[in-house]
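Single-letter residue listing:
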Amino acid sequence: MEETLLAELRRVLGDRILSHEADDVPTIVVDAPALYDVVDALYSDENLAFRFLTTLFGMHYPAEAGQGERLGLQVLLYNMRKGQRLRVTCSFPVETPELRSLTPIFPAANWMERESYDFFGIRFAGHPNLKRILNIETMTVFPMRKDFPLEDQSRDDKDDRMFGR
Amino acid sequence: MSNPSQPFQPLSEAKTLSPVEPPPGIGGEGFFATTLDAAVGLARKGSMWPMIYATSCCGIEFMATAGAHYDIGRFGMERFSYSPRQADLLMVMGTVAKKLGPALREIYQQISEPRWVLAVGACASSGGIFDTYSVLQGIDRVIPVDVFVPGCPPRPEQILDGILRVHYLAKHESLRRRDSAEYKALLDHYGIE
């Protein structure tokens, strides 16, 4: 990551940056409960001024050695004046998929958070209208979680003798 | 003229789907006498207004079917009803998402009796290649279907064949069928009033 950007981020966020990496987009990892305050600080700071929410989406990490099943959220921010991008990411256990909604900072987060709820079951406290956005309202599962089978949910005409499985 | 002693063959056993074959009856110079059922069936099949419900590539094949080359107008169907209130046949062509299921069902409910449903293509019939969380695995899960047309997408000839099969059903349908206990049980099965 660019040194000046990192220094600025450290000035504003301090030790709230758990780790960072220079991917194609500079990335910082933060604690899930601190996500709202981090994004708020990045928005409010006159110098960093990340005031455009490019996108926001959920992720699912299946259980691995040394770490249980986790969900994640990535927030892509953009400073239009400088052309600077930043990815803020956090993860949290799948049992407590709760975050503070970013809609007070970015109204654009409204539908994206609904999508993250729809597909990953991430609940956003303080969201004005947290309900499914793309899938049918009666759906009871979160289909983008990796424990959700890709096929054979409601199909009963697939005969293995004919499908060669 | 078909044999009056065998007025109805099941669709699966029907050898011919001739659109011009007259019903059983007695004809002569300037007159033709037949049963009311057959006359009404003839009228129904001869001017069936389709309600178009095209969501994807099967709809493109349908557009070809409706065009000058395949010409659906040859079968008295060139007047498409974009209102379910005036339609006789609901043609579902393409992938129907689960979220669209209630809308499709409402369209079906708005079509007055007698009504027929043609499911065109693999997606409308069974979900097709989309064995996934968001796609309805066949429209027969929400509404009763009269004829399924296989194919991905089916060629216009296949769609015409499906239409002729619907016509066959309409032509040979008893006037009392829609009042029968079986038909009511079918609608009850789908929870349709």
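Scroll up a little and you will see the structure.
Scoring rules and cut-offs
Residues numbered from 1 in each chain as written. Chains lettered and ligands numbered in written order. Predicted model: local features only at pLDDT ≥ 70, side-chain atom pairs only at ≥ 80, totals over all residues. Helix = DSSP H or I, 4+ residues; strand = E, 2+ residues; numbered from the N terminus. Buried ≥ 20, exposed ≤ 12 C-beta atoms within 10 Å, placed from the backbone. Contact = placed C-beta atoms within 7 Å. Nonpolar A, V, L, I, M, F, W, Y, C, P; charged D, E, K, R; others polar. Pairing = 2+ DSSP bridges. Axes fitted to C-alpha atoms, helices over the stretch in contact; angles between N-to-C directions. Parallel < 35°, antiparallel > 145°, perpendicular 65-115°, else oblique. Left-handed = near helix turned anticlockwise from the far one by under 90°. Core = buried A, V, L, I, M, F, W, Y, C linked by C-beta atoms within 7 Å.

1. Comments concerning the overall build of chain A
Working step 1: Across its full length, chain A carries 4 helices and 7 strands.
Working step 2: Helices (α) and strands (β) of chain A occur, in sequence order from the N terminus, as α-β-β-α-β-β-β-β-α-β-α.
Working step 3: Projected onto its principal axes, the C-alpha coordinates of chain A cover approximately 65 × 35 × 30 Å.
Working step 4: Sorting the 165 residues of chain A into buried and exposed places 22% on the buried side.
Working step 5: Counted over contacts in chain A with a minimum sequence separation of 6, partners at least 24 positions apart contribute 52%.

2. Structural notes on the interface of chain B and chain A
Working step 1: Taken together, the contacts link 8 residues of chain B with 9 residues of chain A.
Working step 2: Class assignment of the residues belonging to the side of chain B that touches chain A gives a composition of 1 nonpolar, 4 polar and 3 charged.

3. Considerations on the sheet that holds strand 6 (residues 147-149) of chain B
Two pairing modes exist for strands in a sheet, parallel and antiparallel, and in both the strands are linked by backbone hydrogen bonds.
Residue and element names in this part refer to chain B.
Working step 1: Strand order across the open sheet formed by 4 strands is 3-4-5-6, with parallel pairing between neighbours. Each edge of the open sheet is held by one strand with a lone partner, namely strand 3 (50-54) and strand 6. Taking the axes of each pair of neighbouring strands and ignoring which way they run, one obtains an average angle of 15° across the sheet.
Working step 2: One ladder, built from 3 bridges, connects strand 5 (residues 116-120) with strand 6; its direction is parallel. Counterpart to L118 in the pairing with strand 6 is V147.

4. Section: the packing of helix 1 (residues 36-46) of chain B against helix 5 (residues 156-172) of chain B
Residues and elements named next belong to chain B.
Working step 1: Following both chains from N to C, one finds helix 1 and helix 5 inclined at 155°, their axes separated by 7 Å at the closest point. Taken together, the axis directions place helix 1 and helix 5 in an arrangement best described as roughly antiparallel. When you trace helix 1 past helix 5, the crossing you get is right-handed. Mapping the contact onto sequence places G41, L42, R44 and K45 in helix 1 and H167, A170, K171 and H172 in helix 5.

5. Let's talk about the sheet that holds strand 3 (residues 52-61) of chain A
Residues and elements named next belong to chain A.
Working step 1: On the basis of which strands lie adjacent, the open sheet formed by 5 strands has the order 1-2-5-4-3 and mixed pairing. Only two strands of the sheet have a single neighbouring strand rather than two, namely strand 1 (19-22) and strand 3. Going from strand to strand, the sheet's axes swing by 20° on average, the running direction of each strand aside.
Working step 2: Both strand 3 and strand 4 (residues 70-79) contribute to a ladder of 9 bridges, which runs antiparallel.

6. As for the nonpolar core
Nonpolar side chains in soluble globular proteins tend to be buried together.
Working step 1: Judged by nonpolar contacts, the single largest core of 39 residues is most densely connected at L90, M91, V92, L118 and V120 of chain B.
Working step 2: Those elements that provide at least two residues to this core are strand 3, helix 2 (57-66), strand 4 (89-93), helix 3 (101-110), strand 5, helix 4 (121-126), strand 6 and helix 5 of chain B.
Working step 3: Per element, the largest residue contribution to this core is 7 residues, and it comes from helix 5 of chain B.
Working step 4: Other than its neighbours up to four places away in sequence, L90 of chain B contacts M51, Y53, I107, Y108, I111, R115 and V117 of chain B.
Working step 5: Ranked by size, the runner-up nonpolar core spans 30 residues in total, among them V38, L56, V75 and F106 of chain A.

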